[in-house]
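Spelled out from the first residue to the last, the chains are:
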Amino acid sequence: MSTESENGVIPGRPTWQQTMLRIADPAKSIPFYEMLGMTLIDKINFPQFDFCLYFMTTLSDGEAYTLTPGTQEAHDYLWSMEGVALELTHNFGTEKRLPNPEFKGYHTGNQEKDGFGHIAVSCDDVYAACDKLEKAGVTFKKKPDEGRMKGLAFAYDPDGYWVEIVRRGESGKIPNEFNFSQTMLRVKDPKKSVAFYKKLGMKLMTERHFDDFSLYFLASNNVVGEAPEDPTSDDATETARNLFGPVLELTHNHGTEHDKDFQHFVGNEPGRQGFGHIGFLVDDVYQSCDAIRELGYGFKKEPDGGSMKGLAFAYDPDGYWIEIIKRGGIDFGDEIVPSP
């Protein structure tokens, strides 16, 4: 018997909630993303396992965040949020190149067959934003007037990840200086990937086709209205560019779907670790995973696998890790900060 709901989405109201990147030094990364308008809303500290997770997001302009990261109240906020957080994973010692003196930094993507490409922030004026960032010491892969495509830029974060700086569709519509607006992953077969993410409650907002590649932009059901009737239209592109929350950008290089041996690196292979996963909140992890299992791509970790019960990592069609987390959270066994 099928376990999907009437609209084809898996049960449990899945909502995109996180993109995870490994970082070497939170003392550098957190201020960088604060400069891009993000707020540290929570941290989950595992001193017994020598790592800590930091969660940052774009809050609505003027929204005051009064919770203390690491407290139970901050955890409750994190695991019930409707937006998308950037999860920064810090393995203790990497900031000092310890415990492995051979550690040279994380693999940031964009080499041959790499799947992860970049994250992005949007703003009203790319040129003014990049001028401000450059004066603050930020370096760039591409400045707005470099290369063939003018008016967009790629900055380097402290670990060397690419952060695209893109212009919103309509100036003044979003009052924030910056908003977290994209996570880009390369996919082998867009028909399979788009269908998979629609099952996880995403809508195809726009698509763009070029001679040798295509782009598909999806947003979570909970932050958008109806999907456009024609995702190739200019109106659909404009709507996507004006979203406050991020889109998942799936990049397809034409022809990969016909190569049975082709496979992207997904960010978790030895020696190529950097990007880790994206994650979705659901009401019931077990029920949702029953439906995901029917899609046929398998699991890295089943809900009852390993030492941490009640969360899972599914594979998408390309083998990217998709974390499935209970809305409201679970007891992670982390070090809770006392409430002030």
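Here, the structure is the one placed above.
Residues numbered from 1 in each chain as written. Predicted model: local features only at pLDDT ≥ 70, side-chain atom pairs only at ≥ 80, totals over all residues. Heavy atoms only, no water.

K.L.:
Run through the pattern of salt bridges, naming residues and quoting values.
P.N.:
In total, this model carries 10 salt bridges according to the counting rule given. Notably, a salt bridge pairs Lys260 with Asp261, separated by 3.4 Å at the nearest N-O pair. Judged by its relative accessible area of 59%, Asp261 falls in the exposed class. Taking the shortest distance from any N to any O, the salt bridge between Arg293 and Asp290 comes out at 2.8 Å. Pair noted here: Arg293 and Asp290 are both in helix 6 (residues 285-295), with a separation of 3 residues, about one helical turn. Judged by relative accessible area, Arg293 falls into the partly exposed class, the value being 36%. (Salt bridge = Lys/Arg side-chain N within 4 Å of Asp/Glu carboxyl O. Buried < 20%, exposed > 50% of the residue type's maximum accessible area, 1.4 Å probe, protein only. Helix = DSSP H or I, 4+ residues; strand = E, 2+ residues; numbered from the N terminus.)

K.L.:
A description of the sheet that holds strand 7 (residues 153-156) should follow, citing residues and the corresponding values.
P.N.:
Backbone hydrogen bonds hold the strands of a sheet together, and the pairing may be parallel or antiparallel. The sheet built from 8 strands is open, its strands ordered 6-7-8-5-9-12-11-10 with mixed pairing. Two strands bound the open sheet, and with one partner strand each, they are strand 6 (140-142) and strand 10 (202-209). Here the strands of the sheet are splayed against their neighbours by 25 degrees on average, with no regard to which way each runs. With 7 bridges joining them, strand 10 and strand 11 (residues 213-220) adopt antiparallel strand pairing. (Pairing = 2+ DSSP bridges. Axes fitted to C-alpha atoms, helices over the stretch in contact; angles between N-to-C directions.)

K.L.:
So what about unusual backbone geometry? Which residues, and what values?
P.N.:
Peptide bonds are, in most cases, trans, and in most cases residues other than glycine have a negative phi. Although it is not a glycine, Arg13 sits at a positive phi angle of roughly 50 degrees. Examined against the element boundaries, Arg13 turns out to sit in the segment before strand 1 (15-23). The phi torsion at Lys113 lies on the positive side, around 70 degrees, for a residue other than glycine. Position of Lys113 among the secondary structure elements: in the loop between strand 4 (85-91) and strand 5 (116-123).

K.L.:
Explain the nonpolar core to me, using residue names and the numbers behind them.
P.N.:
Soluble globular proteins tend to pack their nonpolar side chains together in the buried interior. Core analysis: the largest hydrophobic core is formed by 63 residues, its most contacted members being Tyr33, Ile165 and Tyr197. With residues up to four places along the chain from it excluded, the contact list for Ile165 reads Val121, Cys123, Val126, Ala129, Cys130, Leu133, Leu152 and Ala153. By size, the runner-up hydrophobic cluster in this structure holds 18 residues, among which are Leu59, Ala74, Met81 and Ala85. (Core = buried A, V, L, I, M, F, W, Y, C linked by side-chain atoms within 4.5 Å. Contact = heavy atoms within 4.5 Å.)

K.L.:
Can you explain helix 3 (residues 126-135)? Please cite residues and give values.
P.N.:
Among all positions of helix 3, only Val126, Ala129, Cys130 and Leu133 are buried. Buried residues of helix 3 fall within an arc of 95 degrees about the axis and therefore sit on the same side. The inward-facing, buried residues of helix 3 contact helix 1 (26-35), strand 5, strand 6, strand 7 and strand 8 (162-167). Two to three positions downstream of the cap, the backbone nitrogen of Tyr127 sits 3.1 Å from a side-chain oxygen, assigning the N-cap of helix 3 to Asp125. Following helix 3 by one or two positions, Gly137 adopts a phi angle in the positive range, close to 100 degrees. (Arc of directions from axis to C-beta. Polar contact = N/O pair within 3.5 Å; in protein donor to acceptor, adjacent residues only side chain to side chain.)

K.L.:
Could you give an account of the sheet that holds strand 2 (residues 39-46), naming the residues involved and the relevant values?
P.N.:
Taken in spatial order, the 8 strands make up an open sheet running 2-3-4-1-13-16-15-14, and their pairing is mixed. Edge strands, defined here as strands with exactly one partner in the open sheet, are strand 2 and strand 14 (299-301). Strand after strand, the sheet turns through a mean of 25 degrees between neighbouring axes, direction not considered. Note that strand 14 and strand 15 (residues 312-315) share 2 bridges and pair antiparallel. Pairing of Phe299 across the sheet is with Ala314, part of strand 15.

K.L.:
Could you give an account of the side chain of Arg186, with specific residues and numbers?
P.N.:
With respect to the helices and strands, the residue Arg186 is situated in strand 9 (residues 179-187). A polar contact of 3.2 Å, which involves the side chain of Arg186, links it to the backbone oxygen of Asp114. A polar contact of 3.1 Å, which involves the side chain of Arg186, links it to the backbone oxygen of Phe116.

K.L.:
Now, about helix 6: what can you tell me, with residues and values included?
P.N.:
Among the residues of helix 6, those classed as buried are Val285, Ser288, Cys289, Ala291 and Ile292. Down the axis of helix 6, the smallest arc covering the buried residues is 160 degrees, so these residues share one side. Those residues of helix 6 that are buried are in contact with strand 13 (275-282), strand 14, strand 15 and strand 16 (321-326). Between a side-chain oxygen at the N-terminus of helix 6 and the backbone nitrogen of Tyr286 the separation is 3.0 Å; the capping residue is Asp284.

K.L.:
If you had to explain the pairing of strand 16 to someone new, which residues and values would you point to?
P.N.:
Among the 6 residues of strand 16, 5 are classified as buried, and the element is accordingly described as predominantly covered. As paired strands, strand 13 and strand 16 are joined by 6 bridges and run parallel to one another. Directly across from Leu281, in strand 16, lies its bridge partner Ile325.

The values reported here are purely geometric and, on their own, carry no functional implication.
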